[in-house]
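Here is what each chain is made of, one letter per residue.
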Amino acid sequence: KEEIIKDKSITDLSITHSFFQAQSAEGMNGDDERNRIKSQIEYDCMVQRYSSRQLDELVEIMLEVAMNRSQTIRIGRDQEYPREYVQERFSKINASHIERVMEGIEDNQTPVKSTKAYLLAVLFNSVSTIDHYYTIQANADYVPPSYTAKSSKRYEMDYSFEPGESL
């Protein structure tokens, strides 16, 4: 029983790392593609702000997507998307998206069962949600102090004051 478990972990490691040394079906070299991804996300600038080990993990996940040749790629628990669609989304990831992902990781206090699946999902979703995220953050951070909420959609001036209070 112990031997089977030991063999399974060795097999899992070889599957995870084996394709990085070979060329993909379309002739892409793993090192060339890794360098392209680093350039895409402005790695040299990002590494001045964030851990190189964490950035390297994100780069490796992006590399796996770029070099993937299966018909579909699973994002999250039960969502499968066509490989080309996922690769297109990942090709749009830039430094702003990586910054948002790193902020989200820092803020996350929920246990994550599969770190790799979580990172794959946040990278995938960062492309389609970044603008709304920052708009929502700005709206949450700024409500003029002289306004009070009268309904969920409108703000009205609050003209109330205490006796003796100057304008």
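Residues numbered from 1 in each chain as written. Predicted model: local features only at pLDDT ≥ 70, side-chain atom pairs only at ≥ 80, totals over all residues. Heavy atoms only, no water.

1. Quick word on the overall build of the protein
Across its full length, the protein holds seven helices and four strands. For the protein, the succession of helices and strands along the chain, N to C, is α-α-α-α-β-β-α-α-α-β-β. For the protein, the proportion of its 167 residues judged to be buried stands at 26%. Across the protein, every contact between residues at least 6 apart in sequence was considered, and the portion connecting residues at least 24 apart equals 60%. Total accessible area computed for the protein in this model is approximately 12,300 Å², and 50% of it derives from carbon and sulfur atoms. (Helix = DSSP H or I, 4+ residues; strand = E, 2+ residues; numbered from the N terminus. Buried < 20%, exposed > 50% of the residue type's maximum accessible area, 1.4 Å probe, protein only. Contact = heavy atoms within 4.5 Å. Areas by Shrake-Rupley, 256 points an atom, 1.4 Å probe, with all protein chains shown as cover.)

2. Overview of the confidence of the model for the protein
Per-residue confidence for the protein averages 79 on the pLDDT scale, and 68% of its residues sit at or above 70. Per-residue pLDDT, averaged within each element of the protein, yields its smallest value for helix 1 (residues 2–17) (42) and its largest for helix 4 (residues 52–67) (97). (pLDDT = per-residue confidence, 0-100.)

3. Brief notes about helix 2 (residues 30–40)
Among the residues of helix 2, those classed as buried are Gly30, Glu33, Arg34, Ile37 and Gln40. The buried residues of helix 2 occupy an angular sector of 120° when the element is viewed end-on, so they sit on one face. The exposed set on the far side of helix 2, more than 90 degrees from its buried face, consists of Asp32 and Ser39. Where helix 2 begins, the side chain of Asn29 points an oxygen toward the backbone nitrogen of Asp31, at a separation of 2.7 Å. Following helix 2 by one or two positions, Glu42 adopts a phi angle in the positive range, close to 55°. (Arc of directions from axis to C-beta. Polar contact = N/O pair within 3.5 Å; in protein donor to acceptor, adjacent residues only side chain to side chain.)

4. Focus: the packing of aromatic side chains
With the rule as written, the count across this model stands at three aromatic pairs. For the ring pair Tyr81 and Phe124, a centre distance of 4.9 Å and an interplane angle of 35° mean the geometry is tilted. Of the two residues, Tyr81 is situated in strand 2 (residues 79–82) and Phe124 in helix 7 (residues 115–141); the sequence distance between them amounts to 43 residues. On the basis of relative accessible area, Phe124 is assigned to the buried category, the value being 2%. For the pair Tyr85 and Phe124, a centre-to-centre distance of 6.0 Å together with 75° between the ring planes defines the contact as edge-to-face. Taken as a pair, Tyr85 in helix 5 (residues 83–91) and Phe124 in helix 7 lie far apart in primary sequence, 39 residues in all. By way of ring pairs, the aromatic residues Tyr81, Tyr85 and Phe124 are connected into one cluster. Lying over the aromatic face of Tyr43, Lys38 brings its terminal NZ or CZ to 4.5 Å of the ring centre. A cation sits over an aromatic face here: Arg89 above Phe124, 3.9 Å from the ring centre. (Phe/Tyr/Trp six-rings, centres within 6.5 Å; stacked < 30°, edge-to-face > 60°. Lys NZ or Arg CZ within 6 Å of the ring centre and 35° of its normal.)

5. Some words on the layout of surface pockets
Taken as a whole, the second largest pocket holds about 200 Å³ of empty space. Gly76, Arg77, Thr110, Pro111, Val112, Lys113, Ser114, Ala117 and Tyr118 together form the lining of the second largest pocket. Along the lines of polarity and charge, the residues of the lining of the second largest pocket split into four nonpolar, three polar and two charged. (1 Å grid on protein atoms, 1.4 Å probe; cavity = no way out; pocket = protein on both sides within 12 Å on 5 of 7 lines; lining within 4 Å. Points joined across faces, edges and corners; volume = space filled by probe spheres on them. Nonpolar A, V, L, I, M, F, W, Y, C, P; charged D, E, K, R; others polar.)

6. Focus on the pattern of salt bridges
Oppositely charged side chains can form a pair if their charged atoms are brought close together. A complete count under the given rule lists eight salt bridges for this structure. A salt bridge links Lys92 to Glu88, with the nearest nitrogen and oxygen atoms 3.5 Å apart. You can call Lys92 partly exposed: its relative accessible area is 45%. One continuous salt-bridge network, built from bridges that share partners, spans Asp31, Arg34 and Glu60. (Salt bridge = Lys/Arg side-chain N within 4 Å of Asp/Glu carboxyl O.)

7. Looking at the nonpolar core
Counting residues in each nonpolar core, the largest one holds 29 residues, and the members touching the most others are Met62, Phe90, Ile93, Ile98 and Leu123. Breaking this core down by element, the ones donating at least two residues are helix 3 (43–46), helix 4, strand 1 (72–75), helix 5, helix 6 (95–107) and helix 7. Broken down by element, the residue count for this core peaks at nine residues, all from helix 4. (Core = buried A, V, L, I, M, F, W, Y, C linked by side-chain atoms within 4.5 Å.)

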